[in-house]
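Chain residues, written in single-letter form:
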Amino acid sequence: SPTTTEGPTTTATTSVPGPAGDSAGEWVESKVPGQLYGVYDLAVSDQAVAYVKYTGGRPRLFAYLFASDQTVEVPVTADSAAVGGLDLEGLLLVWQEIKLGPASEVAEARIYSRRLPDGSKTMLVSDPTCGMPRVAGTVVTWTYTGPWPPNPEELALIRIEAAAVDEAGEPTGAAAELVDGALAYSMGDSVWSYSLSSTHVSWETHEAIGTFDPGTYVMDFETMQPTIVSPEAFAGSLGGNTLVYQEAGQIKLLDLSDGQTGLLDTQGTFPSAAPTYAAYFRSTRDSDWQVVARGLTGAYEQVLAASTGEPPWFLPPISVSPHRLAFVVGDRARVFVWQAE
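Everything quoted here is computed from the prediction, not taken from an experiment.

Remarks on the pattern of salt bridges
Following the criterion strictly, the structure yields 12 salt bridges and no others. A salt bridge links E29 to R334; the nearest nitrogen and oxygen atoms lie 2.8 Å apart. In this pair, E29 sits in strand β1 (residues 25–29) while R334 sits in strand β28 (residues 332–340), placing the two residues 305 residues apart along the sequence. The class for E29 is partly exposed, based on a relative accessible area of 33%. Notably, a salt bridge pairs D79 with K99, separated by 3.3 Å at the nearest N-O pair. One end of the pair, D79, is in the loop between β5 (70–74) and β6 (82–89); the other, K99, is in strand β7 (residues 92–100), with 20 residues separating them in the sequence. Judged by its relative accessible area of 36%, D79 falls in the partly exposed class. The partly exposed category is assigned to K99, whose relative accessible area is 32%. Look at the salt bridges and you will find they share partners, linking D265, R282, R294 and E301 into a network.

Encoded structure:
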């Protein structure tokens, strides 16, 4: 703030850091205690990072809290064969646990919430077909997946439901259906995705269903009216007031406030959007991939990993928050924090 002294007036100015990932500064790798090798899934927020490891074939779920420099183990049901689908909103963690039957089929799937570090573990849904939990603001969503009767061998039918929760992750009302049906290819390396923010939900359908043509859709929670982004768009990710998505090998942007679209990168795949930047995989000339973070204005870019060593569809999605991001490369989790200049 301006300060006046006797004689000439001098003005002392304090520089205000610009948008994370989209201004002067850099992504700096954080030192997280513990062995972050053998990580199968992870999620990051500005307050914590959660990750899954396996010991003796059994899943274990951990969380590290940045402010208190504290690592906690989140209890997992003893007979769970797999844990995944992690997502974080602040200190509220959601995840899925799966129990297998005698033929290695999914006998039971449950979605839980828990406020870190020591809140109560709350079961939100139990159904063999549930999965893909997401949390944003005070809303948790999940999917139900089953075969599509007209073509059960090639296509899966996916529905999305939502429930409002309190700060502890306890539901405050009954679950409601957001999306009554999307179709996903169930063969090969095809990946289906959807995304949640505190104001919107976005999803894709690989084939036409009902009134929905193939493509990516977005719906705001005020009007509940879905609109198509593009018939060629997929891998959409919501960050703040922007949808970042892939189309024709490019990373594009949709401003949800005015409907304007833009180009972020001429190449890239599987973007994860934060309010002011996006992180994604980009192919290299030697048939490898790198992990890139770029500000939404496109002016600031940083390569965070020069090589993934394997295709991104075999890796967990990059996890982002307003000022942190995390990903897995070579079975090792890497966590970064934005450091403004």
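A word on the environment of T143
One can find T143 in strand β11 (residues 139–147). C-alpha of T143 to C-alpha of T216: the two residues are 73 residues apart in sequence and 16 Å apart in space. For T143, the contacting residues outside a window of four places in its chain are T129, C130, G131, M132, I158, R159, I160, W192 and Y194.

Considering the side chain of T122
One can find T122 in strand β9 (residues 122–126). A polar contact of 3.1 Å, which involves the side chain of T122, links it to the side chain of E170.

Conventions adopted
Residues numbered from 1 in each chain as written. Predicted model: local features only at pLDDT ≥ 70, side-chain atom pairs only at ≥ 80, totals over all residues. Heavy atoms only, no water. Salt bridge = Lys/Arg side-chain N within 4 Å of Asp/Glu carboxyl O. Helix = DSSP H or I, 4+ residues; strand = E, 2+ residues; numbered from the N terminus. Buried < 20%, exposed > 50% of the residue type's maximum accessible area, 1.4 Å probe, protein only. Contact = heavy atoms within 4.5 Å. Polar contact = N/O pair within 3.5 Å; in protein donor to acceptor, adjacent residues only side chain to side chain.

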